[in-house]
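Single-letter residue listing:
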Amino acid sequence: MSPVITTPLAEFLSQPNIESSPAWEFLNGCAIQKPMPTLFHSRLQRNLVNYINRHTDEFEAVQELRCLVPPYSPVPDISIIAIARLPDQDGPFDGTPDWLIEIRSPDQSTLDLQKKILHCLSNGTQLAWLIDPTRQQIWVWQGDDLPLVCSGSDTLPALGNLPELTVNAVMAMTQRQSGIEAV
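Criteria and thresholds
Residues numbered from 1 in each chain as written. Predicted model: local features only at pLDDT ≥ 70, side-chain atom pairs only at ≥ 80, totals over all residues. Heavy atoms only, no water. Phe/Tyr/Trp six-rings, centres within 6.5 Å; stacked < 30°, edge-to-face > 60°. Helix = DSSP H or I, 4+ residues; strand = E, 2+ residues; numbered from the N terminus. Buried < 20%, exposed > 50% of the residue type's maximum accessible area, 1.4 Å probe, protein only. Expected span 1.5 Å × (residues − 1). Contact = heavy atoms within 4.5 Å. Polar contact = N/O pair within 3.5 Å; in protein donor to acceptor, adjacent residues only side chain to side chain. Salt bridge = Lys/Arg side-chain N within 4 Å of Asp/Glu carboxyl O. Core = buried A, V, L, I, M, F, W, Y, C linked by side-chain atoms within 4.5 Å. Pairing = 2+ DSSP bridges. Axes fitted to C-alpha atoms, helices over the stretch in contact; angles between N-to-C directions.

Some words on the packing of aromatic side chains
Stage number 1. This structure, assessed with the given rule, holds three aromatic pairs.
Stage number 2. An angle of 65 degrees between the planes, with centres 5.0 Å apart, marks the rings of Trp99 and Trp129 as edge-to-face. Linking Trp99 in strand 7 (residues 99–103) with Trp129 in strand 8 (residues 127–132), this pair joins segments that are 30 residues apart in sequence.
Stage number 3. For Trp99, a relative accessible area of 0% gives the class buried.

Right, dumping it as structure tokens:
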């Protein structure tokens with residue numbers, strides 16, 4: 001990710017191109033365009049959103065939702081928000097998701113993704129996953145705890161009453177048939 005411009009958040013939000021695909025984020029005073037997702041990234045994102053929404057009525061999972069967390073405006077790959085917190089009007093979400101999920105693309109800096117996650121955690125996010133399909137790992141943050149690095153058959157923490165998910169089950173969601181239907 002390379003910085004493009006440096007502006008205040010309000011000026012960034014008035015830019016006409018920030019909702020083009022892929023979306024633009026505002027982090028550390030810089031507008032940064034997210035990388036174009038790959039096939040496996042897109043499948044994983046879709047399958048995970050569908051899985052979460054199918055298994056909980058307490059939260060809603062949304063892909064690529066702009067969040068306003070001054071002085072940042074992140075666009076997590078997946079934002080999971082308590083239904084009671086969702087606004088009635090359309091537009092960016094004012095605040096942090098309860099749970100956010102980032103899927104690392106090969107050309108993305110893990111450190112940059114971690115900084116975005118830590119900013120959200122320090123502003124109200126309860127749970128964050130950083131999925132690294134290349135390494136077959138998921139970094140998990142909860143509250144102020146240090147991150148856990150999960151792999152293989154490790155069970156992942158989640159919000160709501162979701163059935164248990166393992167790292168292997170999440171990684172299987174990169175495939176056309178996610179294999180998670182049996183869970």
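Resuming the write-up.
Quick look at helix 3 (residues 110–121)
Stage number 1. With 12 residues, helix 3 should reach 16 Å at 1.5 Å per residue; the first-to-last C-alpha distance of 16 Å fits that figure.
Stage number 2. All of the buried residues in helix 3 are Leu113, Gln114, Lys116, Ile117, His119, Cys120 and Leu121.
Stage number 3. Residues of helix 3 that are buried in the fold lie against strand 1 (24–27), strand 7, strand 8 and strand 9 (137–142).
Stage number 4. Between the side-chain oxygen at the start of helix 3 and the backbone nitrogen of Leu111 there is a gap of 3.3 Å, and the oxygen is on Ser109.

Topic: the pattern of salt bridges
Stage number 1. A full pass over the atoms with the stated rule returns eight salt bridges.
Stage number 2. Here Glu64 ties to Lys34 by a salt bridge, and the two come within 3.3 Å at their closest N and O atoms. Here Lys34 lies in the loop between strand 2 (30–33) and helix 2 (39–55) and Glu64 lies in the loop between strand 3 (59–63) and strand 4 (67–68), a separation of 30 residues in the sequence.
Stage number 3. Exposure remark for Glu64: the relative accessible area of 31% places this residue in the partly exposed category.
Stage number 4. Residue Lys34 is classed as buried on the basis of its relative accessible area, which comes to 6%.

Some points on the environment of Cys67
Stage number 1. Along the chain, Cys67 turns up in strand 4.
Stage number 2. The exposure class of Cys67 is buried, given its relative accessible area of 0%.
Stage number 3. Residues Cys67 and Thr96 lie 29 residues apart in sequence; the distance between their C-alpha atoms is 6.3 Å.
Stage number 4. In this view, Cys67 contacts Tyr72, Ser73, Pro74, Pro76, Ser79, Phe93, Gly95 and Pro97; residues no more than four positions away in its chain are not counted.

Considering the nonpolar core
Stage number 1. Counting 28 residues, the largest nonpolar core has Leu48, Trp99, Ile101, Trp129, Ile131 and Ile138 as the members making the most contacts within it.
Stage number 2. Contributions of two or more residues to this core are made by helix 2, strand 3, strand 5 (78–82), strand 7, strand 8, strand 9 and helix 4 (167–172).
Stage number 3. Examining the composition of this core, we find that five residues originate from one element, helix 2, more than from any other.
Stage number 4. Setting aside anything within four residues of it in sequence, one finds Ile131 in contact with Leu44, Leu48, Ile101, Glu102, Ile103, Arg104, Gln137, Ile138, Val170 and Met171.
Stage number 5. Judged by nonpolar contacts, the second largest core, of eight residues, contains Leu113, Ile117, Ala128 and Leu130.

Thoughts on the sheet that holds strand 7
Stage number 1. The six strands lie next to each other as 3-5-7-8-9-10, forming an open sheet whose pairing is mixed. Across the chains shown, the open sheet's two edge strands, defined by having one partner strand only, are strand 3 and strand 10 (148–151). Here the average twist between neighbouring strands, direction ignored, is 20 degrees.
Stage number 2. Bridge count for strand 3 against strand 5 is five bridges, and the pairing is antiparallel. Bridged to Glu60 within strand 5 is Ile81.
Stage number 3. Lying over the sheet, helix 2 contacts strand 3, strand 5, strand 7 and strand 8, oriented at roughly 165 degrees with respect to strand 3.

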